[in-house]
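# Report on the structure
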Amino acid sequence: SSFVMRTNTCGELRSAHVGQKVTLYGWVQYQRQGLFLVLRDFQGLTQIIIPQDEAHSHVKKLLSNAPVESVVRVTGTVSPRPPGQENPKMPTGDIEVKAETAEILNSCKKLPFEIKDFIKKSETLRMQYRYLDLRSFRLQSNLRLRSHMVMKMREYLCNLHGFVDVETPTLFKRTPGGAKEFLVPSREAGKFYSLPQSPQQFKQLLMVGGLDRYFQVARCYRDEGSRPDRQPEFTQIDIEMSFVDQAGIQRLIEGLLQHSWPEERGSIMTPFPSMTYEEALAEYGTDKPDIRFGMKIVDISDVLRGSDIHFVQNALSYPHGSIRAICIPQGVRYLTNKDLKSLKESAKSQFNQEIMEIIHRPDGSIKSLLTKLLGEKEQSELIQALNMQEDDVVLLAAGEHKQVCSALGTLRLLSANLLEAAGLALRDPAAFHFLWVVDFPLFLPKAENPTELESAHHPFTAPHPSDASLLYSDPTKVRSQHYDLVLNGNEVGGGSIRIHSAEQQRFVLEKVLKEDSEVLSHLIEALEFGAPPHGGIALGLDRLISLIVDAPSIRDVIAFPKSFRGRDLMGNAPDYVTPEELEPYHIQVSWPLEEKEAKKN
């Protein structure tokens with residue numbers, strides 16, 4: 001309570017304070033029949049006894065008539081609660097404050113919703129009245145935990161390991177490739193700034209400048225639609241180091257997270273396990289595996305290779321053909337026929353992948369369309385390969401390796417959701433399983449034109465030392481020095497060792513990616529002036545905090561988030577500006593016909 005008018009907060013009074021005169025400030029959380037009210041501030045709740053004697057009639061009238069969520073000042077004496085009226089669920093539940101004087105500092109009008117965590121509110125209403133939503137204990141707790149973690153991260157990086165906190169520009173120029181960037185008009189006709197999707201170029205230039213170790217809590221921007229785990233503006237813990245390798249970055253981040261991890265969430269063990277991109281895809285069907293539970297994808301190609309089953313032989317005839325399956329524990333008991341049908345439909349609609357089911361009966365036999373096509377020996381080998389137990393359900397897919405794995409990876413997660421909804425405990429919500437995914441491909445075929453390549457990470461990522469020569473002969477086979485940090489099946493960080501050779505950077509941009517290197521001439525020229533080997537990483541702060549507090553969306557850990565469509569519903573942004581305001585920027589708005597009509601009316 002330093003620097004302010006109160007003597008105590010509403011969450012700190014205990015039996016030791018009995019007899020003391022205190023002054024509290026806060027919001028009226030609840031008021032009952034003119035007898036008592038509960039006062040709330042950022043730290044907690046205190047019960048205030050409203051005086052009933054004639055001498056304090058004005059205090060009684062004032063507090064009895066104060067609307068919920070009004071801001072009041074109360075001065076009174078701390079007293080023990082009468083025997084039997086203590087509230088063990090409240091930290092202040094052993095005491096109450098007997099009001100002597102009071103003042104309503106600001107009365108509250110009728111609320112659009114109740115300020116209680118258990119009251120369900122629509123997302124739109126919460127966004128529109130965000131300043132009211134922020135009063136909830138849940139959001140207060142989330143933002144304070146976030147603040148505490150960032151403070152501990154600064155302490156670890158700057159105080160313990162010599163990092164320099166540098167603010168980089170927000171107004172810059174377009175970066176080739178990657179996410180779409182927001183444009184900002186300038187007063188030079190036809191020229192625009194771009195808001196950076198990350199400080200990538202600046203942090204590399206800081207390494208060329210000899211700063212050695214850079215760090216920033218960076219604001220980043222992407223002109224993409226919002227998702228539960230993405231916003232058009234977001235925050236990342238941005239890091240870059242000189243003279244470092246992949247293992248050094250990983251050790252730094254493991255130490256950083258261990259140092260800043262909230263005590264109430266338990267401890268995290270280091271080093272984090274590591275897995276290659278190919279292993280992740282083959283066993284989990286994704287480059288961000290949730291390793292809290294099993295149900296790994298199993299390759300059963302060799303078990304079925306000798307069979308005469310047409311679809312099996314057809315799949316295995318392709319260069320990258322395989323037969324794979326996942327085993328759903330107790331699937332017979334927990335999944336309905338409707339569930340199994342929806343899983344198959346998901347594979348078909350998302351991946352154009354057919355799925356066959358196999359059920360392990362209590363008598364040890366299997367029930368499937370495959371049964372009559374397989375001999376007893378093959379059936380036994382299949383049960384053994386998949387470690388099938390009684391009442392397990394197997395989902396089998398045949399076809400091109402990546403498609404089969406991706407489909408089964410999605411079904412693995414959908415099955416886990418269905419099993420948990422039916423009552424089977426599969427993933428511990430209080431467990432935090434970190435994982436490094438490494439050895440990504442350096443380039444991937446473009447979705448819209450598979451004959452062209454794009455960077456799997458970004459164009460500044462260095463090739464794997466073992467594959468450096470392939471960059472010039474067969475770039476599709478080159479692995480990168482890119483690494484992702486995954487937490488419970490969510491990517492929470494990504495980084496790489498960077499290209500520090502101007503010649504190699506120019507080759508990647510011009511020859512492999514077919515990009516105009518002139519846009520990055522400043523960076524390429526900088527690499528010619530003695531650029532040190534360097535690498536870095538960025539942690540997605542919003543996503544990391546949302547996982548730690550088990551929030552359904554990153555919007556629950558951001559003070560003023562954008563809506564699902566990227567709008568600020570509270571301030572109604574983005575908004576129109578007048579033609580006069582646009583004139584200095586040499587911009588005219590070309591209105592769609594329906595909007596022209598709407599503006600006329």
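The coordinates are above.
Everything in this summary refers to the structure shown in the same document. (Residues numbered from 1 in each chain as written. Predicted model: local features only at pLDDT ≥ 70, side-chain atom pairs only at ≥ 80, totals over all residues. Heavy atoms only, no water.)

## Considering the overall build of the protein chain
Along its length, the protein chain carries 19 helices and 22 strands. Its C-alpha atoms put the protein chain at 95 × 75 × 60 Å along the principal axes. Out of the 601 residues in the protein chain, the part that is buried amounts to 47%. Nonlocal contacts in the protein chain, meaning residues at least 24 apart in sequence, comprise 67% of its contacts between residues at least 6 apart. When the accessible surface of the protein chain is totalled, it reaches about 30,700 Å², and 52% of it is carbon and sulfur. (Helix = DSSP H or I, 4+ residues; strand = E, 2+ residues; numbered from the N terminus. Buried < 20%, exposed > 50% of the residue type's maximum accessible area, 1.4 Å probe, protein only. Contact = heavy atoms within 4.5 Å. Areas by Shrake-Rupley, 256 points an atom, 1.4 Å probe, with all protein chains shown as cover.)

## Considering unusual backbone geometry
With an omega of 0°, the peptide bond running from Thr 270 to Pro 271 counts as cis. Structurally, Pro 271 is set in the loop between α6 (246–260) and β11 (274–276). Cis geometry is adopted by the peptide bond preceding Pro 574, which originates at Ala 573 and carries an omega value of 0°. Among the secondary structure elements, Pro 574 is positioned in the loop between α17 (541–548) and α18 (579–582). Not every positive phi belongs to a glycine, and Asp 439 is a case in point at roughly 55°. Structurally, the position occupied by Asp 439 is in the loop between β17 (434–438) and β18 (443–445).

## A closer look at the packing of helix α11 (residues 337–351) against helix α13 (residues 401–421)
Look at α11 against α13: their axes get within 10 Å of each other, and the N-to-C directions meet at 145°. α11 and α13 meet at a crossing whose hand is right-handed. In this structure, α11 contributes Asp 339, Leu 343, Ser 346, Ala 347, Gln 350 and Phe 351 to the contact, and α13 contributes Gln 403, Ser 406, Ala 407, Thr 410, Leu 411, Leu 414, Ser 415 and Leu 418. Class assignment of the residues belonging to the contact of α11 with α13 gives a composition of seven nonpolar, six polar and one charged. (Axes fitted to C-alpha atoms, helices over the stretch in contact; angles between N-to-C directions. Left-handed = near helix turned anticlockwise from the far one by under 90°. Nonpolar A, V, L, I, M, F, W, Y, C, P; charged D, E, K, R; others polar.)

## Notes on the environment of Glu 240
For Glu 240, the position within the fold is in strand β10 (residues 233–242). Each C-alpha atom, one on Glu 240 and one on His 259, is 19 Å from the other, the two residues being 19 residues apart in sequence. Discounting residues that sit within four places of it in the chain, Glu 240 has contacts with Phe 163, Lys 203, Gln 204, Met 207, Asp 212, Arg 213, Tyr 214, Arg 498, His 534, Gly 535 and Gly 536. Within the structure, the side chain of Glu 240 is placed 2.8 Å from the side chain of Arg 498, a separation counted as a polar contact. (Polar contact = N/O pair within 3.5 Å; in protein donor to acceptor, adjacent residues only side chain to side chain.)

## Remarks on a nonpolar patch on the surface
On the surface, a nonpolar cluster with roughly 300 Å² of combined accessible area is contributed by Tyr 131, Phe 560 and Met 570. Along the chain, Phe 560 turns up in the loop between α17 and α18. (Patch = residues over 30% accessible without salt bridge, like charges linked within 9 Å, V, L, I, M, F, W, Y side chains within 5 Å. Salt bridge = Lys/Arg side-chain N within 4 Å of Asp/Glu carboxyl O.)

## Structural notes on the sheet that holds strand β14 (residues 356–360)
Taken together, the five strands give an open sheet; going across it, the order is β12-β13-β16-β14-β15, and neighbouring strands pair in antiparallel fashion. Taken across any chain shown, the strands that pair with only one partner, and hence form the sheet edges, are β12 (298–299) and β15 (366–367). Together, β13 (321–328), β14 and β16 (393–400) form the strand contacts of α11, whose direction differs from that of β16 by roughly 15°. (Pairing = 2+ DSSP bridges.)

## Thoughts on the packing of aromatic side chains
To describe a pair of aromatic rings, one takes the distance between the centres and the angle between the planes. Taken as a whole, this structure holds 10 aromatic pairs when the rule is applied. Pairing Tyr 129 with Tyr 131 gives two aromatic rings, centres 6.2 Å apart and planes at 80°, and the pair type is edge-to-face. The exposure class of Tyr 129 is partly exposed, given its relative accessible area of 24%. Since its relative accessible area comes to 44%, Tyr 131 is described here as partly exposed. (Phe/Tyr/Trp six-rings, centres within 6.5 Å; stacked < 30°, edge-to-face > 60°.)

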